[in-house]
Structure formats: structure tokens, C-alpha cells
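Residues per chain, in single letters:
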Amino acid sequence: AASDVYKRQSRVRSGAQRPARPRPTLGGWDGVVVCPGGGAHPAARGFNGRMDSISDTITLNDGTPVPVLGLGVWQLDDDATYASTRAAVEAGYRHIDTAAVYGNEPAVGRAVADAVAAGDVRREDLFITTKLWNADQGLDEGCAAFQASLDRLGLEYVDLYLLHWPCPAYDR
């Protein structure tokens, strides 16, 4: 159950000893992508549910490879976002996850640009995800928000653009 996942993850965050081999769960451990009922997510073709290296990917139905491990920058200020993103890229991370509502897309963009300029990585080798905020849902608002995210990131494209979460109450 979701509450069990929260309890297990809370124990890990609080410094308690991590269970020897937890079962994969939605949002689980070690970058595992699974269905709530267990088993590999259909989008994770060819992924065995365990990471063998930092460069492991899953393949989406359209053939797009997505790095299993990524850096999320939620709740990081600009300085921490920039430093974390640069360090992650140098360490071999290729997936960076941000969102408009985090307020740190510009720092991610600067870090990506500097990593590319320094020759640490090519832009096409990175997988950048950002998200549409709830209040911006709707065709016109979503298109404008997408362009604003690209502008803040200083990128010509992002690799994945997600709804931060669905909001049917907005009726858009």
C-alpha cells in the first residue's frame, strides 16, 4: 500500500537502516519503474527492475531511451541547483528533472549550458524533464508555459514535458 511505501521511505530518510531488499513499489527504490500491483511498468521494456550502472535506461513505447537514474532539483535554491546539476553531470548522470513551479529552471539551464561548453557532455546525451504547473493547464496556457520553460532553461527542446499532476477540477 502507498502508506507502507511512505513508511519505508521515511525510515530511510530518517537514518534508520534500509531493509535488505525491499520489494519494488511505485516511486520505489533504486530507480525502479513498476506498476502499483508489482511487476515492471509496460514502458520499461528490457529493464530488469535493477540498476546495474548509472547509464541504465528504459525504453518508452516510441523507442525513446530514458535514463533510469536522474537528479531531481525540487526545493533547491539556484546556487544548490546549479552546483548539484554540474556535479551530477560530471558524475555521469544524464537525466535532470525540474519543473516550472520549482523556480530553478534557469539554474538548471545555466548548468547544462556550462557543462556542454566545458565539453563535459553533449546536449543530445542529456535527458531534461520539466513539468507544466496546474494553473497553466489548457491548450493556450500550456503552450505558453512550455515556451516559458524553454526560455528559462535556455534550451531549444526538452526531452520530456509532463503535467505536474492532473487537475480535472480546472476542467481544461
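Remember, it's a predicted structure, so these values are computed and weren't measured experimentally. (Residues numbered from 1 in each chain as written. Predicted model: local features only at pLDDT ≥ 70, side-chain atom pairs only at ≥ 80, totals over all residues. Heavy atoms only, no water.)

A few words now on the nonpolar core. In this structure, Val89, Ile96, Val108, Val112, Leu126 and Ile128 are the most contacted members of the largest nonpolar core, which totals 17 residues. Those elements that place two or more of their residues in this core are helix H2 (78-91), helix H3 (105-117) and helix H4 (139-153). Broken down by element, the residue count for this core peaks at 3 residues, all from H3. Setting aside residues no more than four positions away along its own chain, Ile96 makes contact with Leu71, Thr85, Val89, Val108, Phe127, Ile128 and Thr129. (Core = buried A, V, L, I, M, F, W, Y, C linked by side-chain atoms within 4.5 Å. Buried < 20%, exposed > 50% of the residue type's maximum accessible area, 1.4 Å probe, protein only. Helix = DSSP H or I, 4+ residues; strand = E, 2+ residues; numbered from the N terminus. Contact = heavy atoms within 4.5 Å.)

Here the focus is the packing of H2 against H3. Between H2 and H3, the least distance of the axes is 8 Å, while the angle of their chain directions is 35°. In the packing of H2 onto H3, the handedness of the crossing is right-handed. Here H2 contributes Asp78, Thr81, Tyr82, Thr85, Arg86 and Val89 to the contact with H3, which in turn contributes Ala107, Val108, Arg110, Ala111, Asp114 and Ala115. Split by residue class, the contact of H2 with H3 holds 6 nonpolar, 2 polar and 4 charged. (Axes fitted to C-alpha atoms, helices over the stretch in contact; angles between N-to-C directions. Left-handed = near helix turned anticlockwise from the far one by under 90°. Nonpolar A, V, L, I, M, F, W, Y, C, P; charged D, E, K, R; others polar.)

Once that is clear, we can look at H3. Over its 13 residues, H3 extends 18 Å from the first C-alpha to the last, a length consistent with the 18 Å expected when each residue adds 1.5 Å. Taken together, the buried residues of H3 touch H2, strand E4 (95-97), strand E5 (127-132) and H4. Phi turns positive, to about 80°, at Gly119, one or two residues after H3. (Expected span 1.5 Å × (residues − 1).)

Counted residue by residue, E5 has 6 buried out of 6 residues, so it is predominantly covered. Across 3 bridges, the pairing between E4 and E5 is parallel. Counterpart to Ile96 in the pairing with E5 is Ile128. In terms of handedness, the path from E4 via H3 over to E5 forms a crossover that is right-handed. Where E5 meets strand E6 (residues 160-163), 4 bridges bridge the pair, whose relative direction is parallel. From the neighbouring strand, Thr130 faces E6, where its bridge partner is Tyr161. Handedness of the crossover joining E5 and E6 through H4: right-handed. (Pairing = 2+ DSSP bridges. Right-handed = clockwise from strand over helix to strand, strands pointing away.)

Glancing now at the environment of Ile58. In this fold, Ile58 is placed in strand E1 (residues 57-59). C-alpha separation for the pair Ile58 and Val68, spaced 10 residues apart in sequence, amounts to 6.3 Å.

With that settled, consider the sheet that holds E4. Read from one edge to the other, the open sheet built from 4 strands follows the order E3-E4-E5-E6, with strand pairing classed as parallel. Both edges of this open sheet fall to strand E3 (70-72) and E6, since each of them pairs with a single strand only. Pairwise comparison of adjacent strand axes, ignoring direction, gives a mean angle of 20° for this sheet. For E3 and E4, the ladder comprises 3 bridges, and the chain directions are parallel. Across the sheet, residue Gly72 finds its bridge partner in E4, namely Asp97.

Across the protein, pLDDT averages 78, with 69% of residues at or above 70. Confidence, read as mean pLDDT per element, is least for helix H1 (residues 2-13) in the protein (40) and greatest for H3 (98). Overall, residues 1-43 carries pLDDT values under 50, and its contacts beyond four positions in sequence, including any with other chains, amount to 50 contacts. (pLDDT = per-residue confidence, 0-100.)

It is worth spelling out unusual backbone geometry at this point. The phi torsion at Gln75 lies on the positive side, around 70°, for a residue other than glycine. Position of Gln75 relative to the elements: it lies in the loop between E3 and H2.

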